[in-house]
Amino acid sequence: MGRFDGKVVLVTGGSTGIGYATAKAFLEEGAEVAISGRDADRLGKAEKALRRVGRVLAVRGDVSKARDARRMVAETRRVLGPIDVLVNNAGIYIEKPAVAFTEREYDAVMDINLKGAWLCSKYALPGMVRRKRGAIVLVSSDSGLVGTAGSSVYCASKAGMILLARCMALEHATDGIRVNSICPGEVVTPMMERDAVRSGRGFEGYYKWLTAPIPMRRAGRPEEIARAILFLASDEASFMTGAELVVDGGYSAK
């Protein structure tokens, strides 16, 4: 018996990295999982791979657009059933000082990271309220807890996610719904690999530079973050709501 037998889970940004690892982990624990993403090709490949593990549904869409967020929730409910767990994982990162950001770049980061989490929660919550149960996990970042020069807008979006989770947790504490956020540190994902290429250091040089300030001297693996997300969504965390679970190798403890 898996911890999530009979449960329906929606993971946004589920085609790569933390989202993919999380979807796979839920499937391995017996859940039926919907994944969303904007890239149709990447989403299709992820769906095909995840079908080897369990029942999965791919729903293409942009979480920052209300009509897409509403459709993701509706399609998940129509095909798999009422949503028990929502993981707001979709996000983007742009590294620039605040003064160098364009309005368009600012809107993109805020719309996908923060607005997207709000929209998907907005459309998933009514069904959870009706059934008097549900769990929502927002994938924030340790950058939402600790400021980083050159990442001001990203940090602001992730800090906003933490407070959004806290407030929704308070609003639905008596509805049988728990809302928490998770704050990963550096994680080896395709995004890190792209950043390494742009840095000109090569992956090994970039990795060494990136992990030097981390007390554990390494980056996390997507599977390590996925396990923490499953914990927050499970009955094992039944008395946790409005909390932040930090999984960053000790970086934010300094």
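For the structure itself, look to the data block above.
Report follows, based on the coordinates. (Residues numbered from 1 in each chain as written. Predicted model: local features only at pLDDT ≥ 70, side-chain atom pairs only at ≥ 80, totals over all residues. Heavy atoms only, no water.)

Once that is clear, we can look at the overall build of the chain. The number of helices and strands found in the chain is eight helices and seven strands. Here the chain has a C-alpha radius of gyration of 17 Å; the compact-globule value for 254 residues is 18 Å, and the two agree. Projected onto the principal axes, the alpha-carbon positions of the chain cover approximately 50 × 40 × 35 Å. Out of the 254 residues in the chain, the part that is buried amounts to 50%. Across the chain, every contact between residues at least 6 apart in sequence was considered, and the portion connecting residues at least 24 apart equals 69%. Within the structure as shown, the chain displays about 12100 Å² of accessible surface, and the carbon and sulfur contribution to it stands at 53%. One way to put it: in the chain the 37 positive side-chain charges average out to a point 3 Å from where the 29 negative ones average out. (Helix = DSSP H or I, 4+ residues; strand = E, 2+ residues; numbered from the N terminus. Rg over C-alpha atoms; globule rule 2.2 N^0.38 Å. Buried < 20%, exposed > 50% of the residue type's maximum accessible area, 1.4 Å probe, protein only. Contact = heavy atoms within 4.5 Å. Areas by Shrake-Rupley, 256 points an atom, 1.4 Å probe, with all protein chains shown as cover. Lys, Arg positive; Asp, Glu negative; His and termini not counted. Charge placed at Lys NZ, Arg CZ, Asp CG, Glu CD.)

Summed over the entire model, instances satisfying the criterion amount to four aromatic pairs. Ring centres of Tyr93 and Tyr154 lie 4.7 Å apart, and the angle between their planes is 90 degrees; on these two criteria the pair is classed as edge-to-face. In this pair, Tyr93 is assigned in the loop between strand S4 (85-88) and helix H4 (103-131) and Tyr154 in helix H5 (residues 152-171), connecting sequence segments 61 residues apart. For Tyr154, a relative accessible area of 14% puts it in the buried group. We note Arg201 situated over the ring of Trp209; from NZ or CZ to the ring centre the distance is 4.5 Å. (Phe/Tyr/Trp six-rings, centres within 6.5 Å; stacked < 30°, edge-to-face > 60°. Lys NZ or Arg CZ within 6 Å of the ring centre and 35° of its normal.)

Time to look at the state of the cysteines. Tallied over the entire structure, the rule returns zero disulfides. There is no disulfide at Cys155, and the cysteine sulfur nearest it, in Cys183, is 11 Å away. By relative accessible area, Cys155 is classed as buried at 8%. (Disulfide = S-S within 2.5 Å.)

A few words now on a positive patch on the surface. There is a patch of like positive charges on the surface, built from Arg38, Arg42, Lys65, Arg67, Lys115 and Arg194. As for its position among the elements, Arg38 is in the loop between strand S2 (32-37) and helix H2 (40-50). (Patch = residues over 30% accessible without salt bridge, like charges linked within 9 Å, V, L, I, M, F, W, Y side chains within 5 Å. Salt bridge = Lys/Arg side-chain N within 4 Å of Asp/Glu carboxyl O.)

Attention shifts here to H4. Given 3.6 residues per helical turn, the α-helix brings residues three or four places apart onto the same face. The first and last C-alpha atoms of H4 sit 40 Å apart over 29 residues, in line with the 42 Å expected at 1.5 Å per residue. Roughly 40 degrees is the biggest bend found in H4, and it falls at Lys115. Two residues or fewer after H4 comes Lys132, characterised by a positive phi angle close to 60 degrees. (Expected span 1.5 Å × (residues − 1). Bend = angle between axes of the 7 residues up to and from the residue.)

Along the chain, Asn88 turns up in strand S4. Among residues more than four places away in sequence, those in contact with Asn88 are Thr12, Gly116, Ala117, Cys120, Ser121, Ile136, Val137, Leu138, Val139 and Met161.

A few words on the pairing of strand S6 (residues 177-184). Of all eight residues in S6, eight are buried; the element is thus mostly enclosed. Burial along S6 is two-sided: Ile177, Val179, Ser181 and Cys183 and Arg178, Asn180, Ile182 and Pro184, pointing in opposite directions, are all buried. Summarising the sheet, strand S5 (residues 134-139) and S6 pair through six bridges and their orientation is parallel. Pairing of Ile136 across the sheet is with Val179, part of S6. Tracing the backbone out of S5, into H5 and back to the parallel element S6 gives a crossover that is right-handed. (Pairing = 2+ DSSP bridges. Right-handed = clockwise from strand over helix to strand, strands pointing away.)

Here we take up unusual backbone geometry. Phi angles above zero are rare outside glycine, and Lys132 is one such case at about 60 degrees. In this structure, Arg217 is a non-glycine residue whose phi angle is positive, near 60 degrees. With respect to the secondary-structure elements, Arg217 resides in the loop between helix H7 (202-211) and helix H8 (222-233). You can call Arg217 exposed: its relative accessible area is 55%.

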